[in-house]
Each structure stands twice: as structure tokens, then as C-alpha cells.
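# Structural description and commentary
Each chain, letter by letter, is given below.
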There are 2 protein chains.
Amino acid sequence: MNVVALAGGVGAGKFLRGLVRIVEPRDVTAIVNTGDDISLHGLHISPDIDSVMYWLAGVADRDRGWGRSDESFRALDEVRRLKGQSWFGLGDVDLATHLVRTQLLSEGKTLSEATAHLTDALGIPARLLPMSDDPVPTMVHAATEEGQGLYMHFQVYWVQRGARDQVKAVRYEGGQEAAPAPGALEALAGADAILICPSNPVVSIRPILAVRGIREGVEDARRGGTGVVGVSPIVGGAPLRGMADRLMPAVGLEVSAYGAAAAYPGLLTGWVVDERDRDMASRIRDELGLRIAVTDTVMTDDDAAERVSRVALELATG
Amino acid sequence: MNVVALAGGVGAGKFLRGLVRIVEPRDVTAIVNTGDDISLHGLHISPDIDSVMYWLAGVADRDRGWGRSDESFRALDEVRRLKGQSWFGLGDVDLATHLVRTQLLSEGKTLSEATAHLTDALGIPARLLPMSDDPVPTMVHAATEEGQGLYMHFQVYWVQRGARDQVKAVRYEGGQEAAPAPGALEALAGADAILICPSNPVVSIRPILAVRGIREGVEDARRGGTGVVGVSPIVGGAPLRGMADRLMPAVGLEVSAYGAAAAYPGLLTGWVVDERDRDMASRIRDELGLRIAVTDTVMTDDDAAERVSRVALELATG
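Residues numbered from 1 in each chain as written. Chains lettered and ligands numbered in written order. Predicted model: local features only at pLDDT ≥ 70, side-chain atom pairs only at ≥ 80, totals over all residues. Heavy atoms only, no water.

## Looking at unusual backbone geometry
The backbone phi angle of Ala163 of chain A is positive, close to 55°, even though this residue is not glycine. For Ala163 of chain A, the location among the structural elements is in the loop between α6 (154-160) and β8 (166-172). Here the phi dihedral of Asp70 of chain B falls at roughly 50°; this positive angle occurs in a residue that is not glycine. Mapped onto the elements, Asp70 of chain B comes out in the loop between α2 (47-57) and α3 (74-81). (Helix = DSSP H or I, 4+ residues; strand = E, 2+ residues; numbered from the N terminus.)

## Quick word on the packing of aromatic side chains
Summed over the entire model, instances satisfying the criterion amount to twelve aromatic pairs over all chains. Ring plane angle 70° and centroid distance 6.1 Å describe the contact between Trp66 of chain A and Phe73 of chain A, whose orientation is recorded as edge-to-face. Using a relative accessible area of 34% as the deciding quantity, one classes Trp66 of chain A as partly exposed. Take Phe73 of chain A: its relative accessible area is 23%, and that puts it in the partly exposed class. Look at Phe154 of chain A and Trp158 of chain A: their rings are 4.9 Å apart centre to centre, the planes differ by 35°, and that puts the pair in the tilted class. Here Phe154 of chain A and its partner Trp158 of chain A are both found in helix α6, four residues apart, which amounts to about one turn of the helix. An aromatic cluster is built from Phe154, Tyr157 and Trp158 of chain A, whose rings are joined through pairwise contacts. In this structure, Arg283 of chain A is placed above the aromatic ring of Tyr258 of chain A, and the distance from its NZ or CZ to the ring centre is 3.6 Å. One cation-aromatic arrangement involves Arg64 of chain B over Trp66 of chain B; the distance from NZ or CZ to the ring centre is 4.8 Å. (Phe/Tyr/Trp six-rings, centres within 6.5 Å; stacked < 30°, edge-to-face > 60°. Buried < 20%, exposed > 50% of the residue type's maximum accessible area, 1.4 Å probe, protein only. Lys NZ or Arg CZ within 6 Å of the ring centre and 35° of its normal.)

## Comments concerning the interface of chain B and chain A
With 32 residues of chain B at the contact, the number on the chain A side is 32 residues. Carbon and sulfur atoms make up 60% of the area that chain B and chain A hide from each other, which totals about 2,800 Å². One can count four salt bridges joining chain B with chain A. Among the ionic pairs, Glu78 of chain B bridges to Arg68 of chain A, the shortest N-O distance being 2.8 Å. Scanning the region where chain B abuts chain A turns up 16 residue pairs in polar contact (both at pLDDT 80 or more). Counting only elements with at least two residues in the side of chain B that touches chain A, the list comes to α3, α4 (92-106) and α5 (111-121) of chain B. Along the lines of polarity and charge, the residues of the side of chain B that touches chain A split into 14 nonpolar, nine polar and nine charged. (Contact = heavy atoms within 4.5 Å. Buried area = accessible area lost by both parts, 1.4 Å probe. Salt bridge = Lys/Arg side-chain N within 4 Å of Asp/Glu carboxyl O. Polar contact = N/O pair within 3.5 Å; in protein donor to acceptor, adjacent residues only side chain to side chain. Nonpolar A, V, L, I, M, F, W, Y, C, P; charged D, E, K, R; others polar.)

## Focus on helix α1 (residues 10-22) of chain A
All of the buried residues along α1 of chain A are Val10, Ala12, Gly13, Phe15, Leu16, Arg17, Gly18 and Leu19 of chain A. For α1 of chain A, the secondary structure elements touched by its buried residues are β1 (3-7), β2 (28-32), α2 (47-57), β9 (193-196), β10 (227-231) and α13 (302-317) of chain A.

## Topic: the sheet that holds strand β5 (residues 127-130) of chain B
Residue and element names in this part refer to chain B. The strand order β5-β2-β1-β9-β10-β13-β14 describes an open sheet built from seven strands, whose pairing is parallel. The two strands at the open ends of the sheet, each matched to only one other strand, are β5 and β14 (291-295). Strand-to-strand twist in this sheet, taken as the mean axis angle between neighbours without regard to direction, amounts to 20°. On top of the sheet, α2 reaches β1 (3-7), β2 (28-32) and β5; it is set at about 170° to β5, its chief contact. (Pairing = 2+ DSSP bridges. Axes fitted to C-alpha atoms, helices over the stretch in contact; angles between N-to-C directions.)

Encoded structure:
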């Protein structure tokens, strides 16, 4: 059973920890968002790849959500003292990932190759692919409270400016010129199920779909009979994590389990909603024509994640 | 009293701590070797600038010699686990310097500007100039035990390969195309004394002199009556620190207080030798035509460093 998952950050990491308990890990391919990759201090930082890696390797910080467990921040504290750019959280142990990745890239390796090196060193048997080896930065058109127009990298909007600006539009820059990572289209074509992790549709999943050929790959697989099932990242009208509620309205999406499913027109066969959104199930089924499963989607531990991934996989293959 | 010091790493840092106790720190300009700067993990690392900064800011590790005091190595340990390049010692706190410098360079600042930012943030009132804002890497021609020829960056020879190869020649690549850092030639022209810190002549001081115009600037100042005095880095026929004994013979220099002075033909007016080399004083004076001072040059603490710098300064100005 070959499973392909489209993955953002922390929600995807938790979900995939459950998935590799019910599917042979080597048969799982996660295509991971790199739209919020950023170059900072000369380092190539891939926040979503890192989150997924750390969760799958069992070294993620469960409380903080992002970064490594048993982390320290001595370098970042000193960056602050040295009047450097300290707005992006970088732990001392986490830094090693960025150092090794950047060194590999500087030696001419691709982001795919650097990711394979890191997942291998971390002992992760599942396959992690960046959505592309080419940069496809997620850019945000916004306006300040004073009405000043801004066009900025998503991380600047999200972390540096604390999502305080009014978002007008989101753009996946260069997506149609970018090539999918080697193996991504083949994995989609050979998938028995395609799962969309409970990640932010606007800044995690749609960037992946914006890479030339990936949306078409999912559509082709679906036409060939492969189930394509997502898990709603919105529970009870609010994101479980993060600030998706700031971004979904800006691109015309209702902040609800319905709105998140509506983010993928023509792609899905099924949608998993939280039991708190049970009353929304029939609307999603009827209006969007999807098969629906209802479960507790809050992944407080690996057992919960296993249950959620099993529900999604069964909906895709059943 | 304006003093210019040509500076390598740790020995220079210790010496300058003494110098700023007897000269107004803002009147001290240190022109620092950047020949062993290296790009690693995408970061711009300037080992000698860092050593001098850390010593002057009082945050150097006195026991280890290099790097920061109260240091930890969590990032580097993890780089090793991730099968990255871990041969170059990078502490967690030390990393902050490289992160901030690299960020500033990536924003288009020069190495001089980045250095000024860092010394300002560290509260260092003396002026530190890189020898050049252009790269002038110190390269080593060598042969392995098996006779294989190698041409490599000094740090690869020194740190990665542990100085185990036989050095045939040392080259300061691009020195004659590089421009001195802004202010360096003006500082030399306006100096009341020029001091050469007790640093490795082959890989610390000569790289500085290899930058177009710097040697001429020292010669002009000397002709104009400015004393040019160095402190021998060789005591009792061996370097106090480091592996200068591997490099001096390769470029035809005797490993002695005499040989170190002979590394600067036509530049010096005086030379400070350690009392253990007292019997060599007359040879240096007679053969090289230098004024000689003899003192205990081992800088075990700031009081000792102050004494050594005072002896050098008096020899230059007396």
C-alpha cells in the first residue's frame, strides 16, 4: 500500500507519526511544503520539512510545537545581544539542521538530496520530499493598519510582524516555473491513497499544489481511482494551531471545516471532520460531493494520531 | 598617541588587552588578518577577528584559547550526529557572531561594516579593521606522507587535516588585487607607533602585509620616522601557541626569535624578545639592524600583557 501525503508543518508531523504506525514507513512519501522556506543569517531554513522530520524522528518539542525537544537558545540570545536578526526562533540543536543543510546546498546538492541526508541521519524510514528543489516563496500582499501596502515573504508577515497586517492576497511565486522534486510525480502516480494532512490550506497545502504538475498529478491519480482524502485543520470554526483564520478569509475561504475542504475544488474524494463539526458534515457532503468521516481529530498523542490517520486512510481506500 | 597594531588571533588579542590599558582605546587601530577566514555551513567565519574581539570584550575563553568563555557545543554535537562537517569548532554562543556577520554581509554590508557592528555591540572602544573587505585566502601547497600534492585553504591544512602534511609553500591568494579596508592606510600614515603583535608571521602577519598597499604603508610610515616594533611569537625556539614551527621552515624562516624578526625585512625598527632568548638579542641587533628589548613575553594575565605592550610601545617611540 503506497501512500502519499501532502504535508505542512506540525499538524502534518503529528498525523504522519500516526500514519507510519499503520502503513509500512518506507511506503509513505510525504511531499512537504517549502513555500515558507527562508534564508536567514545565510542559512537555508525549511520550517515545514524540519517540523515533519523532528516529529517523525521523535525529537520534536511536543509542548512548544515547533523545534527540537530539550532545546536551548544560547546562540539566539547572543544574536539579540549582538543586535542581529533575532525574530526567527532558532534553537541551538535546531541550528545544526540548518548548518548541515546549508553546507550540503553550498556543495551543490539539491534540497531533495539534503533532505534525504538529514532524514537518513535522523533514522526516518519514511520518504520526505520537498515540494520542489526550486524556490517557490509564499508571498503576502497586505496593508498595515495605516493603510500602507506591503509585499513580503510569508515569514516576515507571520513571525517578524506577528500577522498584524491585513492580508489582501497570497501568491506562490514561481510555482509554475518550478519543477516538482524528483520522485514526487511518480509517487502520486503510484499511490494507493493520497492524504492531505491537517495543515493550513493557504500557506501549507496550496503552495504544494502550486508547483507545476503536482495538482495535475493528484487529479490524474484521482481520475485513475485513487482516493484523495484530507483531514480538516479547522475544528469548531478555528484552526487547532496557527493563524489560518487570518489567511483563509483573505483568499475567500470560510474559516470552517467546510471552508478548508472548499480550498481544494476538484481534488478531494473525501474529508475527515472533527466530531465538533458533525453538523457541518451533510453540507460538505452535499455541496462539495465528498465522502465524509467524523472523528475526534485532536491528536494529543500518537494513539490519537494513529486513529485519525486510520480514519482518513480507510475513507480513501474503502 | 595613535597606535596601529597588525594582529593575528589569540596572541594579538592578549597583547591588545594590555595595549588598551596604556593607550586610549579609541586611538588604537588593529588591522586584523582575514587570510584564514572560511565559509562553512554558509556562514562567514573570521577566526582572527573573532579572537581579537572576544579578548578585547573580555569574553574569550582563557583556558581553551579560542572561542567564547562559558561556551557549549550543542549545535556542533548535533551537526556531528547529522553527519555534517564538524571539524571546525563552533560553540553555540560563538555561532551568534557568525550568524550576525553573515546576515549583515547578505544585506550588502562590507566585512568592515559588519566588524564595526559587532565590536560596537560588544562594547569594544578600540577600532578593529579587517585587513581587507576582499577575500585574500591563505592557501597552502603541501604533500601528504604518500607524496600526493595538495593545494588547500589554510583551515583545511590546519584544522581539518591537523597540520599533518608537509608544507611546500604558502600563498596569499588575491592579495595584490585586494584593497585594504577603508581607513587602514590612513591609520598607518597617522600612526605614532606601529606594533606587530606576537602572531604567527606566516599565516597571521604576512597575509596582512600581502594586501596591496599595506606593506608600502608601513614602509612609508617607517621612513617618516614612525617606530615599527614587533613582539616575537617564538620563545625558546618554539611557538608559544599554535604550529608556527611547521610553517616557518617551509618559507625559509628559522624557528626562532631571530627567524620571526627576519620574516619582515625592511619593515621593523625594533623587536621584543623573550628573556629566554636573551642570548639571541645581539645577533638580531647586528644582523637585522634592529633595536632590541628583552622581557618576559608570556602573557599569563592582563598585567603581563600590559608590561609586554609597554615595552614594545616604548621601543617604538623612545
